[in-house]
Amino acid sequence: MKFGKEFASQMVPEWQAAYVDYSSLKKFLKEIHGVKQKYRQPDTPTRLQRALTLYRSFSGLDPRRNKGGSSFDDHDVENQAILVNSVRGNGSGKYETTFLMVAEEGAEYEQEFFKKLDNELNKVDKFYRSKVKEVMAEAETLTNQMHALIAFRIKVDKLQENFDVSGSNDKIMVPMNALQGTTESDNDAKQSSNGCLEIQEENPKKVVSSIRLAPQEVLNHVKLNQAIQAPFSAAKVYCASNTNKTQMNFSKDNLKKIQNQLKQAFIEFYYKLRLLKNYSFLNVLAFSKIMKKYDKITSRRASKYYMRTVDDSYIGNSDEVTKLMERVEATFIKHFSNSNRSKGMNQLRPKSKKERHSTSFGTGFFAGCTAALILALVLIIHARNILDKEGRVQYMESMFPVYSLFGFMVLHMHMHAGNIYFWRRYRVNYSFIFGFKQGTELGFREVLFLSFGLATLALISVVSNLDMEMDPKTGDYKALTELLPLSLLLLVIIVLLCPFNILYRSSRFFLLRTSFRCICAPLYKVKFQDFYLADQFTSEVQAFRSVEYYICHYGWGDFKLRQNTCKSNDIFNTFYFIVAVVPYWSRLLQCVRRFHDEKDPMQGYNGLKYFLTIVALCTRTAYGLDRGTSWKAVAWTFSAMAALYGTYWDLVVDWGLLQRRSKNRWLRDKLLIPYKSVYFGAMVLNVLLRFAWLQTVLDLSLSLHRETLIAIVASLEIIRRGIWNFFRLENEHLNNVGKFRAFKSVPLPFYNDEDEDRID
């Protein structure tokens with residue numbers, strides 16, 4: 001792989017603008033090469049001639065060498081093509097290169113090249129300097145957190161041992177710099193003869209600078225984050241009237257939560273240090289590569305002079321990040337992995353996920369099975385002339401809603417797999433946006449493996465249960481085949497809840513946790529993955545109604561006869577409304593919570609969108625159950641308002657498009673897809689699919705069964721949501737790029753009295 005592609009592939013996606021513009025510098029070199037070829041004189045030495053000259057100089061045949069063997073122009077200034085100076089201005093150093101060969105033909109191109117090179121060096125040096133300053137401040141914060149953790153840990157142990165610490169003068173030794181890894185756990189603390197707790201050193205020769213503070217004095221300066229003490233983070237909002245009056249609960253459960261939270265903060269901080277170190281290495285390497293190319297094209301020896309400056313710059317010479325990494329490793333291994341270095345480093349440096357051949361094979365196998373079963377299903381329907389049999393109407397009424405649930409699930413998973421593929425292709429950092437742990441995110445192959453596997457099982461069930469007539473002997477349908485869809489649904493639920501580490505347990509639990517947060521809105525602070533999943537649920541309304549139908553069909557009806565009274569039952573019809581409203585209601589409550597936390601009026605307008613959608617959905621459902629002219633007018637009105645409002649919100653707010661003053665007219669300034677027609681096509685398609693509800697109120701006389709039409713409209717909404725997902729994450733990614741936001745914020749367990757606004 002060429003260095004340019006390798007360099008681009010290893011960039012932090014959100015920091016792309018902060019890296020050396022390697023491709024632009026290569027274009028400069030191509031121009032310089034063209035000029036050199038144009039102005040090359042006939043007597044200009046070729047590569048072979050230069051090699052012969054070099055051979056003669058070392059063999060003593062070069063007349064320019066003196067008798068002592070030294071060259072007359074070894075230290076001649078003419079051998080130096082550039083002069084790099086550090087200019088101080090506004091409190092910061094900048095590098096400026098003077099090109100000394102200005103008399104040569106085409107020198108202006110080389111001057112522009114070094115001007116661009118200096119700008120890139122100053123850019124990366126300034127960015128790296130600012131990021132190092134940030135991590136140094138964060139290191140100090142983590143040091144204070146470690147102080148509080150050690151004091152909290154010792155106090156918990158002392159209370160566990162039934163010591164009265166309220167009036168004692170016991171002392172603890174709290175290290176000045178916990179990130180140096182020299183602090184010891186409470187297991188190493190001993191009570192000395194004078195009543196002081198001292199942290200014993202494993203190595204007596206190691207000198208530790210520390211301060212003596214009473215446990216209460218250490219803990220008096222900090223408060224425990226309310227989220228640690230309450231089961232819901234909203235307790236601070238709805239229950240706690242004054243956080244300053246909250247007393248710490250010195251329990252082992254709280255200690256465990258604090259340690260886990262601080263452990264995650266250290267892992268994320270170490271990941272940030274690794275990216276910074278890689279940033280420094282890649283940029284220095286890029287400068288080295290581009291200067292070697294310059295020397296090769298111009299036959300100069302400028303690289304050693306310029307690289308000397310790069311090596312002396314802050315990005316090339318600073319070792320703060322390396323030292324911080326060593327200190328974090330020592331602290332993490334000692335306090336969070338029981339001094340087990342192998343275990344600690346595996347947690348700090350999780351291995352990147354590798355593509356498995358078994359996954360690719362399984363995906364291909366199930367995809368083939370799905371295609372074969374679909375073909376078999378079509379042939380069976382045609383051979384048995386099922387569409388003309390009397391039982392087909394009953395089948396569509398009772399069994400089609402049962403199987404359509406799996407169709408909705410498979411379609412949504414296919415759309416998600418397609419999104420992952422294109423997110424990766426266009427370098428959208430979806431794993432960071434969703435907050436996945438490193439190495440646990442699913443790729444498109446894994447999602448396709450699951451979706452094709454589910455499709456295969458569902459189609460096997462359909463083919464096995466494709467009976468249109470009852471058994472003449474028993475007078476009903478076969479119980480075994482009638483229970484196949486219910487068994488498959490239970491299997492999906494069991495796999496989803498399975499606690500064993502099979503079938504991507506971390507991803508399954510992530511889905512369950514996020515779903516629980518959506519259900520509990522507004523009790524939890526809303527994160528991106530929360531409202532993203534809630535939006536997915538709003539497009540699966542018909543799937544939730546299918547689950548409701550499962551309960552009615554197998555619980556209240558006679559599934560052996562394919563008979564039920566679901567659609568004429570008042571309770572079923574009531575929940576038919578409720579089930580459809582719940583996803584939108586959850587999303588509305590999330591907007592309310594975000595409006596309270598962020599004080600952003602846009603969240604209020606977003607909540608209004610979901611309120612209109614709830615009203616429109618209820619009126620359309622009411623009209624579908626009772627075909628009255630009054631309901632039709634109301635359904636028309638609110639559905640049109642919700643569709644227009646939702647379309648505007650999709651295109652302008654969620655996608656960031658329709659910007660008149662953008663350099664890409666009616667689009668954004670920054671686009672990941674090089675083809676603008678894709679964006680215009682997506683906008684048109686979004687508008688059309690937004691108005692798919694028209695078939696409900698227009699009473700279109702299509703030659704389709706009502707259940708088939710419902711399934712088609714629901715599938716169109718899932719497709720619309722899949723398209724929305726890509727551009728929504730693209731817009732979120734570009735916002736992160738604009739702010740160089742490449743790390744997730746991990747809430748810390750302790751906060752100072754003067755920093756109460758840091759509480760989540």
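Here, every reference points to the structure presented above.
Residues numbered from 1 in each chain as written. Predicted model: local features only at pLDDT ≥ 70, side-chain atom pairs only at ≥ 80, totals over all residues. Heavy atoms only, no water.

Participant: What is the right way to read the pattern of salt bridges from this model?
Facilitator: Two side chains of opposite charge can pair, provided their charged atoms sit close to one another. In total, this model carries 23 salt bridges according to the counting rule given. A salt bridge links Glu 134 to Lys 131; the nearest nitrogen and oxygen atoms lie 3.6 Å apart. Placement of both Glu 134 and Lys 131 in helix H4 (residues 107-160) is noted, with a separation of 3 residues, approximately one turn of the helix. Relative accessible area serves as the criterion here: at 10%, Lys 131 is assigned to the buried category. Here Arg 341 makes a salt bridge to Glu 329, at a shortest N to O gap of 3.7 Å. (Salt bridge = Lys/Arg side-chain N within 4 Å of Asp/Glu carboxyl O. Helix = DSSP H or I, 4+ residues; strand = E, 2+ residues; numbered from the N terminus. Buried < 20%, exposed > 50% of the residue type's maximum accessible area, 1.4 Å probe, protein only.)

Participant: Is there a simple way to think about helix H13 (residues 357-383) in this case?
Facilitator: Residue pairs three or four apart in sequence face the same way in an α-helix, which turns once every 3.6 residues. Relative to the 39 Å expected for 27 residues at 1.5 Å per residue, H13 spans 38 Å between its end C-alpha atoms, a close match to the ideal helical length. For H13, every residue scored as buried is listed here: Thr 359, Gly 362, Thr 363, Thr 370, Leu 373 and Leu 377. Buried residues along H13 sit in contact with helix H17 (444-464). Positioned one or two residues after H13, Asn 385 has a phi angle of 50°, which is positive. (Expected span 1.5 Å × (residues − 1). Contact = heavy atoms within 4.5 Å.)

Participant: Which parts of the structure should I look at to understand the nonpolar core?
Facilitator: Buried together is how nonpolar side chains tend to be arranged in soluble globular proteins. Grouped together as the largest cluster of nonpolar side chains are 79 residues, with contacts concentrated most on Trp 15, Phe 113, Phe 114 and Tyr 306. A total of 19 residues in this core trace back to one element, the largest contributor, which is helix H8 (residues 252-298). Non-local contacts of Phe 114, meaning those with residues more than four positions away in its chain, are made with Ile 82, Thr 97, Phe 99, Met 291, Tyr 294, Ala 302 and Tyr 306. The next biggest cluster of nonpolar side chains, apart from the first, holds 31 residues, and it includes Ile 420, Phe 434, Phe 531 and Trp 655. (Core = buried A, V, L, I, M, F, W, Y, C linked by side-chain atoms within 4.5 Å.)

Participant: What is the right way to read the side chain of Glu 120 from this model?
Facilitator: Relative to the helices and strands, Glu 120 resides in helix H4. The contact partners of Glu 120, leaving out residues within four places of it in the chain, are Tyr 19, Val 20, Asp 21, Leu 25 and Phe 287.

Participant: When you look at the packing of helix H15 (residues 400-425) against H17 in this model, what are you seeing that I'm missing?
Facilitator: What describes two packed helices is the angle between their axes and the distance between those same axes. As a packed pair, H15 and H17 sit with axes 9 Å apart at the nearest point and diverge in direction by 160°. In terms of axis orientation, H15 runs roughly antiparallel to H17. With respect to the hand of their crossing, H15 and H17 are arranged in left-handed fashion. Residue-level contacts link Tyr 403, Phe 406, Met 409, Val 410, Met 413, His 414, His 416, Ala 417, Ile 420 and Tyr 421 of H15 to Phe 444, Val 447, Leu 448, Leu 450, Ser 451, Phe 452, Leu 454, Ala 455, Ala 458, Ser 461 and Val 462 of H17. Here the residues of the contact of H15 with H17 are counted per class, giving 17 nonpolar, 4 polar and no charged. (Axes fitted to C-alpha atoms, helices over the stretch in contact; angles between N-to-C directions. Parallel < 35°, antiparallel > 145°, perpendicular 65-115°, else oblique. Left-handed = near helix turned anticlockwise from the far one by under 90°. Nonpolar A, V, L, I, M, F, W, Y, C, P; charged D, E, K, R; others polar.)

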